[in-house]
Amino acid sequence: MVPGADIMHGEAVNVDGFFCCVLSFLRGYITMDTVQRVFNCMQSLSLPTHSPDFSSKLAWQSCKDAIEHRHGEMRVPLITEIGESICVNDITPEELDRALELMKDFPHKM
């Protein structure tokens, strides 16, 4: 979370959840249909799927923080299907950039 950002913790968790779905798609773990299904569900519940404060720099800092607090591993959960996930330890800054670019293609409600 960014100090002073206009987003509550639970909302930030949801944005991160959608971001992880996009990362899962980019890695080939899920289809775009699954990403769209998750997005539609989040939108129908009026949950945020994007924040103007969310950036590649912030995402990478979060990964580095995770490594520091998780005994040297990222342990980022990525879904492999609805209700199933794996944890990965090898996300790169380039992947984060691609995911943020792809997130721009979704009609986020603010």
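These figures come from a predicted structure and were not determined experimentally.

(A) Helix α1 (residues 9-26), seen in detail. End to end, α1 covers 26 Å across 18 residues, agreeing with the expected 26 Å (1.5 Å per residue, within 8%). Those residues of α1 lying buried are Asn14, Val15, Phe18, Phe19, Cys20, Cys21, Val22, Leu23 and Ser24. Downstream of α1 by one or two residues, Gly28 has phi in the positive range, about 85°.

(B) Representation of the nonpolar core in the model. Of all hydrophobic cores here, the largest spans 28 residues; its most connected members are Phe18, Phe19 and Ile91. If you list the elements that add at least two residues to this core, you get α1, α2 (32-44), α3 (56-69), β1 (76-81) and α4 (93-103). Sort the elements by how many residues they give to this core and α1 lands first, with seven residues. For Phe18, the contacting residues outside a window of four places in its chain are Val35, Phe39, Met42, Thr49, Met103, Phe106 and His108.

(C) Inspection of the packing of α3 against α4 at higher detail. The N-to-C vectors of α3 and α4 enclose an angle of 135°; their axes lie 9 Å apart at closest approach. Considered as vectors, α3 and α4 are oriented oblique to each other. In this structure, the crossing between α3 and α4 has a hand that is right-handed. Between α3 and α4, the contacting residues are Ser56, Ala59, Trp60 and Cys63 on the first element and Pro93, Leu96, Asp97 and Leu100 on the second. Here the contact of α3 with α4 is composed, by residue class, of six nonpolar, one polar and one charged.

About the cut-offs
Residues numbered from 1 in each chain as written. Predicted model: local features only at pLDDT ≥ 70, side-chain atom pairs only at ≥ 80, totals over all residues. Heavy atoms only, no water. Helix = DSSP H or I, 4+ residues; strand = E, 2+ residues; numbered from the N terminus. Expected span 1.5 Å × (residues − 1). Buried < 20%, exposed > 50% of the residue type's maximum accessible area, 1.4 Å probe, protein only. Core = buried A, V, L, I, M, F, W, Y, C linked by side-chain atoms within 4.5 Å. Contact = heavy atoms within 4.5 Å. Axes fitted to C-alpha atoms, helices over the stretch in contact; angles between N-to-C directions. Parallel < 35°, antiparallel > 145°, perpendicular 65-115°, else oblique. Left-handed = near helix turned anticlockwise from the far one by under 90°. Nonpolar A, V, L, I, M, F, W, Y, C, P; charged D, E, K, R; others polar.

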